[in-house]
Amino acid sequence: MPYADTLQDNLAKGQELRPDVQGAYTAWVQECFAAGLYFRVTETYRTQERQNELYKVGRRGIAGEQPVTWTLYSNHTLRLAADCYPITGTLNDLIVRATPYGITHPLPTLDPPHFEFLNVKPPAPPPVDPQTQLTWAQNALRWAVGLRRAVLLRMIDRLKKLLGQ
Ligand SMILES: [Zn+2]
């Protein structure tokens, strides 16, 4: 695959993101590369010290120097942002594929490469197996009365059938 090294580098940078958004990041990067939309991730996590240093650039009286960041309070310091530069395709191609994962592009004109992971849903917990559900329902039945008891009895009946008991 072209840009295989870039893919590996992008995936490695994903390891610096908050653990609960890493799955969405990885799936998004792999989906884009599989579609031939290659891009380079230059930065994910950034220390507050580095953010403070970046904020000085363009604000320290050096002639011709332009600011490189607009804020001291970046979501990069929370491990919830990635800066992405398309190699093939456009930023919009990346945005279209990011949206279903809850990955946002909040500053299209102020900071075009900047994507954020604040709205990514955490992965669903693994499903509870029917035998465990049956045990829980049978325990709950011991204190259940009235409608709740009827609901639990139906649930137990359904689970027993499912389990062949
Ligand atoms: Zn950024």
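Residues numbered from 1 in each chain as written. Predicted model: local features only at pLDDT ≥ 70, side-chain atom pairs only at ≥ 80, totals over all residues. Heavy atoms only, no water.

Caption draft 1: Fine view of the sheet that holds strand β1 (residues 39-43). Spatially, 3 strands are ordered β1-β2-β3 in an open sheet, and the strand pairing comes out antiparallel. In this open sheet, the two edge strands, each paired with only one partner strand, are β1 and β3 (114-116). Across the sheet, the mean angle from the axis of one strand to that of its neighbour is 40°, orientation sign disregarded. One ladder, built from 3 bridges, connects strand β2 (residues 81-86) with β3; its direction is antiparallel. Bridge pairing links Ala82 to Phe115 in β3. (Pairing = 2+ DSSP bridges. Helix = DSSP H or I, 4+ residues; strand = E, 2+ residues; numbered from the N terminus. Axes fitted to C-alpha atoms, helices over the stretch in contact; angles between N-to-C directions.)

Caption draft 2: Layout of the pattern of salt bridges. Counted under the stated rule, the structure contains 9 salt bridges. In this structure, the salt-bridge partner of Arg18 is Asp20, at a minimum N-O distance of 2.8 Å. One salt bridge in this structure joins Arg60 and Glu65, with 2.8 Å as the shortest N-O distance. (Salt bridge = Lys/Arg side-chain N within 4 Å of Asp/Glu carboxyl O.)

Caption draft 3: Geometry of the packing of aromatic side chains. One pass over the full model with this rule turns up 6 aromatic pairs. A ring pair is formed by Trp28 and Phe115, whose centres lie 5.1 Å apart and whose planes are at 45°; its orientation type is tilted. Here Phe115 lies in strand β3 and Trp28 lies in helix α2 (residues 19-34), a separation of 87 residues in the sequence. Taken as a pair, Trp28 and Phe115 share a single burial class, namely buried. Put simply, the rings of Tyr3, Trp28, Phe33, Tyr38, Phe39 and Phe115 touch in pairs and so form one group of aromatic residues. Geometry around Tyr55 places Arg59 over its ring, the cationic atom sitting 3.8 Å from the centre. (Phe/Tyr/Trp six-rings, centres within 6.5 Å; stacked < 30°, edge-to-face > 60°. Buried < 20%, exposed > 50% of the residue type's maximum accessible area, 1.4 Å probe, protein only. Lys NZ or Arg CZ within 6 Å of the ring centre and 35° of its normal.)

Caption draft 4: Looking closely at the environment of Leu163. The topology assignment puts Leu163 in helix α6 (residues 146-163). The spatial distance from the C-alpha of Leu163 to the C-alpha of Leu134 is 9.3 Å, given a sequence separation of 29 residues. Those residues in contact with Leu163, other than ones at most four positions away along the chain, are Pro130, Gln131 and Leu134. (Contact = heavy atoms within 4.5 Å.)

Interpretation in functional terms is not warranted from these geometric data alone.
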